[in-house]
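Geometric and topological summary
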Amino acid sequence: QVQFVESGGGLVQPGGSLRLSCAASGFTFSSYTMNWYRQAPGKERELVATITSTGAGTAYADSVKGRFTISRANAINTLYLQMNSLKSEDTAAYYCNAGRGSGGPVFAGSWGQGTQVTVSS
């Protein structure tokens, strides 16, 4: 079955950095566009970053553009999110999933547990 295991979150001060990882299994990872999403308390889940199947193309939400970098390692079915210059508004649980053209998740019934990022002094 499809599984996503996110890791790398934690507590970091404003201006700090974190690198998130997502280990995917149960589908042909290299064939899919992959997305990072985040959900803050009381808010809807939002799309943060997208990377095409080969890694040649990326896109970002305006709120993280220039600070976050999405990448992938198809050989080991792993997605990454490098987060720099973190702000308090980046505090959220972060999730990965394969992405549709609309930005929605392909495997909507298979969310992982997410990894919590807390930005606070």
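Structural notes, computed from the coordinates.

Quick notes on the rules
- Residues numbered from 1 in each chain as written.
- Predicted model: local features only at pLDDT ≥ 70, side-chain atom pairs only at ≥ 80, totals over all residues.
- Heavy atoms only, no water.
- Salt bridge = Lys/Arg side-chain N within 4 Å of Asp/Glu carboxyl O.
- Helix = DSSP H or I, 4+ residues; strand = E, 2+ residues; numbered from the N terminus.
- Buried < 20%, exposed > 50% of the residue type's maximum accessible area, 1.4 Å probe, protein only.
- Core = buried A, V, L, I, M, F, W, Y, C linked by side-chain atoms within 4.5 Å.
- Contact = heavy atoms within 4.5 Å.
- Pairing = 2+ DSSP bridges.
- Axes fitted to C-alpha atoms, helices over the stretch in contact; angles between N-to-C directions.
- Disulfide = S-S within 2.5 Å.

1. Section: the pattern of salt bridges
Working definition: two side chains of opposite charge can pair if their charged atoms are close together. What the rule picks out here adds up to four salt bridges. Here Arg67 makes a salt bridge to Asp90, at a shortest N to O gap of 2.7 Å. With Arg67 in the loop between β6 (58-60) and β7 (68-73) and Asp90 in the loop between β8 (78-83) and β9 (92-98), this residue pair connects regions lying 23 residues apart in the sequence. Pair check on accessibility: Arg67 and Asp90 agree, each one buried. Here the residues in one salt-bridge network are Arg38, Glu46, Arg67 and Asp90, joined through shared partners.

2. Structural notes on the nonpolar core
Counting residues in each nonpolar core, the largest one holds 30 residues, and the members touching the most others are Phe4, Phe27, Trp36, Leu79, Leu81, Met83 and Tyr94. Sorting the residues of this core by element identifies β3 (18-25), β4 (34-39), β5 (46-51), β7, β8, β9 and β10 (115-119) as the ones contributing at least two each. If near-sequence neighbours (up to four positions away) are discounted, Met83 is found in contact with Gly16, Ser17, Leu18, Leu20, Arg67, Phe68, Tyr94 and Val117.

3. Quick look at the pairing of β4
Burial of β4 is extensive: five of the six residues sit out of reach of the surface. Counted along the chain from β4 to the antiparallel partner β5, the turn is six residues long, and its residue Gly42 has a positive phi close to 80°. One ladder, built from six bridges, connects β4 with β9; its direction is antiparallel. Paired with Met34 across the strands is Ala98, a residue of β9.

4. Quick notes on the sheet that holds β5
An order of β2-β10-β9-β4-β5-β6 is seen for the six strands of this open sheet, with the pairing classed as mixed. With partners counted over all chains shown, the strands left at the sheet margins are β2 (10-12) and β6, one partner each. Strand-to-strand twist across the sheet, computed as the mean angle between neighbouring axes with direction ignored, equals 25°. As judged from the five bridges shared by β4 and β5, these two strands associate in the antiparallel manner.

5. Considerations on the state of the cysteines
Tallied over the entire structure, the rule returns one disulfide. The disulfide bridge from Cys22 ends at Cys96, spanning 1.8 Å between sulfur atoms. Its S-S torsion of about 55° marks the bond between Cys22 and Cys96 as right-handed, since a negative value means left-handed. You can see Cys22 sitting in strand β3 and its partner Cys96 sitting in strand β9, a full 74 residues away along the chain. Comparing Cys22 with Cys96 shows no difference in burial state: the two are buried.

6. Examining the environment of Gly9
Counting through the fold element by element, Gly9 comes out in the loop between β1 (3-7) and β2. Owing to a relative accessible area of 32%, Gly9 belongs among the partly exposed residues under this scheme. Sequence separation between Gly9 and Val117 is 108 residues, and the spatial gap between their C-alpha atoms is 4.8 Å. Setting aside chain neighbours within four positions, we find Gly9 in contact with Leu18, Leu20, Thr115, Gln116 and Val117.

Everything listed here is a matter of coordinates, which is why it stays silent on function.
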